[in-house]
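Observations on the model geometry
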Amino acid sequence: MPPSPPAPPSLEVLRKEIDTIDAQVHSLLMQRGDIIDRLIQVKQTQEVGSAFRPAREADMMRRLVERHRGILPLDTVESIWRVIISTFTYVQAPFSVHADISASEPAMRDSARFHFGFTVPYVAHFSASAAVEAVARSKGDLALVSATSSHTPWWIALETSGAPKVTARLPFVERADHPAALPVFVVSRVADSAMVTEVEMWSVRVSGWNAEVARALSPLAEIVAVPDTAFDGAALLVSVAPGSLEKIKSALIEAGASVRSSALVGSHATRYTVPPNGAARS
Ligand SMILES: O=C(O)C(=O)C[C@]1(C(=O)O)C=C[C@@H](O)C=C1
């Protein structure tokens, strides 16, 4: 008779293994806190008042997705790390998240909680301009505003030097069934060295804006437009690859519009997509 297979481990043994792992995870998180404590001494957070480093975070989130395997859903692992990173940002220099809830309060709140957790205070505003103004008045706060539409050209307030800028686009890792899928821009003051410059954000004011011009531009760049009826013009927020604004300006002129002004109002990491079969790409 062949030997009988070994008996499966008892529930008690498996729970002991889980307790050991939980104690290790907790201990590692506390060690991470000790490192952050040392990092505060070497990082010049005081200069800008914010410890948020969007370039580093975009890179960390991409690597997390690439190495993830197993039955723990990606949504869960991503949300755990968002809370870890944001809370460690907060303990370095406390900040609040000012969210524009004019499009959808539940979706904006989900995005804020998913990306910044519950320790970071959440402040709701009824317009993007109000959220951005709150950040401009603060030392190191962040605003979350829709990345796809707006009733007001809030980005004009970012044109002056010293004003906050667009520093990130969330989610860092996009996918069709993302639990906090609302596309949002983060507006904050960030040290120049911490900016990601893969996508530039330009505030462009034009005359002669109409549906035809908008159609001509849509294949060339992502644009949020707020028409300005008094002058037959519009305030545009244009996302382009570095050095590509001239192409957009030429396309505007070719389509019959004229460019009144342009100013760089931020930059962020290229959009990073995880297709349904799991392999991430930017
Ligand atoms: O690397 C840094 O500069 C940190 O402050 C650490 C840390 C993190 O917790 O990993 C926190 C905040 C930054 O936005 C990026 C990363």
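Residues numbered from 1 in each chain as written. Predicted model: local features only at pLDDT ≥ 70, side-chain atom pairs only at ≥ 80, totals over all residues.

Put simply, an interface is often sized by how much accessible area is lost when its parts join up. Domain annotation of the chain identifies domain 1 (13-41), domain 2 (51-195) and domain 3 (200-266). Domain 2 and domain 3 are separated by 25 Å when their C-alpha centres are compared. In terms of residue class, the side of domain 2 that touches domain 3 is built from 5 nonpolar, 5 polar and 2 charged. (Domains from an automatic or database assignment. Nonpolar A, V, L, I, M, F, W, Y, C, P; charged D, E, K, R; others polar.)

Attention now moves to the site of the ligand. If you check the shell around the ligand, you find L39, K43, A51, F52, R53, R56, E57, I85, F88, T89 and Q92 and nothing else. Listed by contribution, the elements that provide at least two residues to the shell around the ligand are α3 (54-67) and α4 (74-92). Of all the elements, α4 adds the most residues to the shell around the ligand, at 4 residues. Of the residues assigned to the shell around the ligand, the class counts are 5 nonpolar, 2 polar and 4 charged. (Near = placed C-beta within 6 Å. Helix = DSSP H or I, 4+ residues; strand = E, 2+ residues; numbered from the N terminus.)

Axes are the key here: two packed helices are described by the angle between their axes and the distance separating the axes. As a packed pair, α4 and helix α5 (residues 105-116) sit with axes 6 Å apart at the nearest point and diverge in direction by 70 degrees. Compared by their axis directions, α4 and α5 come out roughly perpendicular. For the pair α4 and α5, contact is made by S79, R82 and S86 and by F114, H115 and F116, respectively. Looking at the contact of α4 with α5 residue by residue, the class counts come to 2 nonpolar, 3 polar and 1 charged. (Axes fitted to C-alpha atoms, helices over the stretch in contact; angles between N-to-C directions. Parallel < 35°, antiparallel > 145°, perpendicular 65-115°, else oblique. Contact = placed C-beta atoms within 7 Å.)

Regarding helix α6 (residues 128-137), the residues found buried are A128, S129, A131, V132 and V135. Angular distribution of buried residues about the axis of α6 spans 160 degrees; they occupy a single face of the element. Check the buried side of α6 and you find it contacts β1 (97-100), β2 (122-125), β3 (142-146) and β5 (184-188). (Buried ≥ 20, exposed ≤ 12 C-beta atoms within 10 Å, placed from the backbone. Arc of directions from axis to C-beta.)

Attention shifts here to unusual backbone geometry. Across the junction of L170 and P171, the peptide omega takes the value -5 degrees, indicating a cis bond. Along the chain, P171 turns up in the loop between β4 (165-170) and β5.

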